[in-house]
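Tertiary structure, described
Next come the chains, spelled out residue by residue.
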Amino acid sequence: MPTTSLETDIRLPVASLGALRRALTEAVGADAAAAALQKAGYAAGDAVFQHLADVTRDTDVADLPLTEYFRHLGEVFRQLGWGELHHEDLHPGIGALDTTDWFEAHTVARASRPSCFFTTGLLANLLGRTAGADVAILQTECRSRGDDRCRFLFGSRDALSAVYDRLVDGETVEASLAALE
């Protein structure tokens, strides 16, 4: 009988997610496909959270100090072959997770917008379960559109909505964060 969530996982090539993304896009359109991938990622977050809990056996995930939590989270993603993930505090209540080798960015040939939809859903679930509250995710950079890294901001829905509105108006992430109260 399996003792950890990882023993019950299956592994698929990254190209499988790319094929799923293309099939969804052809069947329902780009926006509906993005929403479906995000929803699927959110659902997948339960299994990844369980794996994180297995890794931190003796400590409740929510009780870990932040640096230790993000170290364990990064290790889980490395073990799963998803890439290296690094945490940075950007503003009170807003953090960033950065990666230069994230698996999902490889599933899109060339994108006009950040496109790691599966990951944004998954991170919303993981970080929300850990925090015990809803956590919003906003991807601001993506290697699939030519950026040097994938960057996922996280925080409250209100704070990230304010950042997003300023980004749409042409401000930089830094200026958007500085404008927050």
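Here's a quick rundown of the structure.

About the cut-offs
- Residues numbered from 1 in each chain as written.
- Predicted model: local features only at pLDDT ≥ 70, side-chain atom pairs only at ≥ 80, totals over all residues.
- Heavy atoms only, no water.
- Helix = DSSP H or I, 4+ residues; strand = E, 2+ residues; numbered from the N terminus.
- Buried < 20%, exposed > 50% of the residue type's maximum accessible area, 1.4 Å probe, protein only.
- Contact = heavy atoms within 4.5 Å.
- Expected span 1.5 Å × (residues − 1).
- Phe/Tyr/Trp six-rings, centres within 6.5 Å; stacked < 30°, edge-to-face > 60°.
- Pairing = 2+ DSSP bridges.
- Axes fitted to C-alpha atoms, helices over the stretch in contact; angles between N-to-C directions.
- Left-handed = near helix turned anticlockwise from the far one by under 90°.
- Nonpolar A, V, L, I, M, F, W, Y, C, P; charged D, E, K, R; others polar.
- Parallel < 35°, antiparallel > 145°, perpendicular 65-115°, else oblique.

Observations regarding the environment of Gly 93
With respect to the element layout, Gly 93 can be found in the loop between strand S1 (86-91) and strand S2 (94-99). For Gly 93, a relative accessible area of 62% gives the class exposed. Residues Gly 93 and Gly 155, spaced 62 residues apart in sequence, show a C-alpha to C-alpha distance of 5.7 Å. Setting aside residues no more than four positions away along its own chain, Gly 93 makes contact with Phe 154, Gly 155 and Ser 156.

Observations regarding helix H1 (residues 14-28)
When the terminal C-alpha atoms of H1 are compared, their 21 Å separation across 15 residues agrees well with the 21 Å that a helix rising 1.5 Å per residue should span. The inward-facing, buried residues of H1 contact helix H2 (30-55) and helix H4 (117-131). Phi turns positive one or two residues past the end of H1, at Gly 29, with a value near 95°.

Thoughts on the packing of aromatic side chains
Counting across every chain of the model gives eight aromatic pairs. Between Phe 70 and Phe 154, the aromatic rings sit 5.9 Å apart at their centres with planes inclined by 35°, giving tilted as the arrangement. One end of the pair, Phe 70, is in helix H3 (residues 66-79); the other, Phe 154, is in strand S4 (residues 150-155), and 84 residues separate them in sequence. Each member of the pair, Phe 70 as well as Phe 154, is classed as buried. Grouped by ring-pair contacts, the aromatic residues Phe 77, Trp 82, Trp 102, Phe 103 and Phe 118 constitute a single cluster.

What about the environment of His 72?
Residue placement: His 72 occurs in helix H3. Assessed through its relative accessible area of 12%, His 72 is described here as buried. Note: C-alpha distance between His 72 and Val 55 (17 residues apart in sequence) is 7.5 Å. Residue contacts for His 72: discarding those within four places in its chain leaves Leu 52, Val 55, Thr 56 and Leu 64.

Comments concerning the pairing of S2
With respect to burial, S2 is a largely interior element, six of its six residues being buried. Residues Ile 94, Ala 96 and Asp 98 line one face of S2 and the alternating positions Gly 95, Leu 97 and Thr 99 line the opposite face, and both faces are buried. Note: S1 against S2, five bridges, orientation antiparallel. Across the sheet, Glu 88 pairs through a bridge with Ala 96, a residue of S2. Here S2 runs beside S4; their pairing, made up of five bridges, is antiparallel. By the bridge assignment for S4, Asp 98 is matched with Arg 151.

Quick word on the packing of H2 against H3
Their axes nearest at 10 Å, the elements H2 and H3 cross at an angle of 115°. Viewed along their axes, H2 and H3 form a crossing whose handedness is right-handed. Of H3, the residues touching H2 (which contributes Val 48, His 51, Leu 52 and Val 55) are Tyr 69, His 72, Leu 73, Val 76, Phe 77 and Gln 79. Among the residues forming the contact of H2 with H3, the class breakdown is seven nonpolar, three polar and no charged.

Let's talk about the packing of H1 against H2
Where H1 contacts H2, the axes come no closer than 7 Å and their chain directions differ by 135°. One finds that H1 runs oblique with respect to H2. The crossing of H1 and H2 is right-handed. Residues Leu 17, Leu 20, Arg 21, Leu 24, Thr 25 and Val 28 of H1 form the contact with H2, whose own contacting residues are Ala 30, Ala 32, Ala 33, Ala 36 and Leu 37.

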